[in-house]
Amino acid sequence: DGGITQSPKYLFRKEGQNVTLSCEQNLNHDAMYWYRQDPGQGLRLIYYSQIVNDFQKGDIAEGYSVSREKKESFPLTVTSAQKNPTAFYLCASSWGPNSPLHFGNGTRLTVT
Amino acid sequence: RKEVEQDPGPFNVPEGATVAFNCTYSNSASQSFFWYRQDCRKEPKLLMSVYSSGNEDGRFTAQLNRASQYISLLIRDSKLSDSATYLCVVRYNAGNMLTFGGGTRLMVKP
């Protein structure tokens with residue numbers, strides 16, 4: 001079945017460590033996105049990529065980095081510069097500008 | 001003012017009731033509109049796209065009012081399984097950016 005896979009589902013890290021969240025899709029979608037959701041709040045865009053080897057900052061890119069070396073993969077690194085990294089991270093993909101997003105099942109990151 | 005605003009609720013309704021949510025958006029250049037459903041601690045899932053002429057999918061009806069810059073979602077004959085948070089999503093064509101509302105929480109009681 002086609003879909004988006006995020007791993008791991010839960011991730012625990014110590015403050016000061018970088019951590020990379022995986023996102024893989026086999027939907028052949030061009031565009032991929034990373035969102036962050038905090039308890040009781042809406043989704044906020046971190047980074048997005050409309051095509052391989054290209055990506056753009058979203059509203060809250062500081063402290064994060066991404067790469068898009070392959071169409072299927074869009075990993076997100078949460079760096080030690082991110083002041084409040086504990087959150088629910090959601091990866092999504094879409095065909096193009098007017099098509100809806102398909103989400104992965106998310107990664108819950110806890111940094112202590 | 002937030003770009004996409006929703007009443008956070010919760011809306012507490014009995015089974016079988018009809019309930020409606022609105023979502024207002026500030027950018028008149030908005031082009032695409034969607035409703036997503038999010039269950040507790042899960043990812044959002046597409047409920048329906050919203051078309052200019054309005055559209056219906058079973059018990060769910062979505063409407064768009066460009067003049068007043070809002071979209072609505074109507075749920076008829078509410079089921080217990082409809083309990084979730086409903087997210088309004090607006091896309092502005094420039095830059096292909098999507099903006100999410102904060103969500104409206106619905107609780108359907110027996």
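Residues numbered from 1 in each chain as written. Chains lettered and ligands numbered in written order. Predicted model: local features only at pLDDT ≥ 70, side-chain atom pairs only at ≥ 80, totals over all residues. Heavy atoms only, no water.

1. Description of the overall build of chain A
And then number 1: Along the backbone of chain A there are 0 helices and 11 strands.
And then number 2: Taking 2.2 N^0.38 as the reference for a compact globule, 112 residues should give roughly 13 Å; the C-alpha atoms of chain A span a radius of gyration of 13 Å, in line with that estimate.
And then number 3: Burial statistics for chain A: of 112 residues in total, 50% are counted as buried.
And then number 4: Considering only intrachain contacts with a sequence separation of at least 6, the fraction spanning at least 24 residues in chain A is 51%.
And then number 5: Charge separation in chain A, taken as the distance between the mean sites of 11 positive and 10 negative side-chain charges, equals 7 Å. (Helix = DSSP H or I, 4+ residues; strand = E, 2+ residues; numbered from the N terminus. Rg over C-alpha atoms; globule rule 2.2 N^0.38 Å. Buried < 20%, exposed > 50% of the residue type's maximum accessible area, 1.4 Å probe, protein only. Contact = heavy atoms within 4.5 Å. Lys, Arg positive; Asp, Glu negative; His and termini not counted. Charge placed at Lys NZ, Arg CZ, Asp CG, Glu CD.)

2. Digging into the sheet that holds strand 3 (residues 19-25) of chain A
All names here are of chain A.
And then number 1: A sheet is described by the order of its strands in space; here 4 strands give the open sequence 1-3-8-7, paired in antiparallel fashion. With partners counted over all chains shown, the strands left at the sheet margins are strand 1 (4-7) and strand 7 (64-66), one partner each. Neighbour-to-neighbour, the strand axes of this sheet turn through a mean angle of 20 degrees, independent of strand direction. (Pairing = 2+ DSSP bridges. Axes fitted to C-alpha atoms, helices over the stretch in contact; angles between N-to-C directions.)

3. Regarding the nonpolar core
Burial of nonpolar side chains together is a common tendency in soluble globular proteins.
And then number 1: The biggest cluster of nonpolar side chains holds 24 residues, and the ones touching the most others in it are B:Phe21, B:Trp35, B:Ile71, B:Leu73, B:Ile75, B:Tyr86 and B:Leu106.
And then number 2: At the level of elements, strand 3 (19-25), strand 4 (30-38), strand 5 (44-50), strand 7 (60-65), strand 8 (70-75), strand 9 (84-92) and strand 11 (104-109) of chain B are the ones that each hand at least two residues to this core.
And then number 3: When residues of this core are assigned to their parent elements, the largest contribution, 5 residues, is made by strand 9 of chain B.
And then number 4: Counting residues in each nonpolar core, the second largest holds 21 residues, with A:Met32, A:Ile46, A:Phe74 and A:Val78 among its members. (Core = buried A, V, L, I, M, F, W, Y, C linked by side-chain atoms within 4.5 Å.)

4. Considering the confidence of the model for chain A
As a note on interpretation, predicted positions should not be read in detail where pLDDT is low.
And then number 1: Looking at chain A, pLDDT values average 93 and 98% of them are 70 or higher.
And then number 2: Element-level mean pLDDT values for chain A span from 93 in strand 5 (residues 43-51) of chain A up to 98 in strand 7 of chain A. (pLDDT = per-residue confidence, 0-100.)

5. Regarding the state of the cysteines
All names here are of chain A.
And then number 1: Per the stated rule, a full pass over the model turns up 2 disulfides over all chains.
And then number 2: Note on cysteine connectivity: Cys-23 is disulfide-linked to Cys-91, with sulfurs 1.9 Å apart. Since a negative S-S torsion denotes a left-handed disulfide, the Cys-23-Cys-91 link at about -75 degrees is left-handed. One end of the pair, Cys-23, is in strand 3; the other, Cys-91, is in strand 9 (residues 87-94), with 68 residues separating them in the sequence. (Disulfide = S-S within 2.5 Å.)

6. Re unusual backbone geometry
Working note: non-glycine residues mostly have negative phi, and peptide bonds are mostly trans.
And then number 1: For the bond running from A:Ser7 to A:Pro8, omega is -10 degrees, close enough to zero to count as cis.
And then number 2: Relative to the elements of secondary structure, A:Pro8 occurs in the loop between strand 1 and strand 2 (10-13).
And then number 3: Residues B:Gly9 and B:Pro10 are joined by a peptide bond in cis, for which omega reads 5 degrees.
And then number 4: On the secondary structure map, B:Pro10 appears in the loop between strand 1 (4-6) and strand 2 (11-14).
And then number 5: A positive phi is found at A:Asn28, a non-glycine position, where the angle reads about 65 degrees.
And then number 6: We classify A:Asn28 as partly exposed; its relative accessible area is 47%.
And then number 7: Despite not being glycine, A:Asn53 has its phi angle at roughly 65 degrees, a positive value.

7. Observations regarding the sheet that holds strand 1 of chain B
Residue and element names in this part refer to chain B.
And then number 1: Reading across the sheet, the 5 strands line up as 1-3-8-7-6 and stay open at both edges, with antiparallel pairing between neighbours. Taken across any chain shown, the strands that pair with only one partner, and hence form the sheet edges, are strand 1 and strand 6 (55-57). With direction set aside, neighbouring strand axes in the sheet form an average angle of 20 degrees.
And then number 2: In this sheet, strand 3 lies alongside strand 1 in antiparallel orientation, the contact comprising 3 bridges. Within strand 3, the residue paired with Glu-5 across the bridge is Thr-24.

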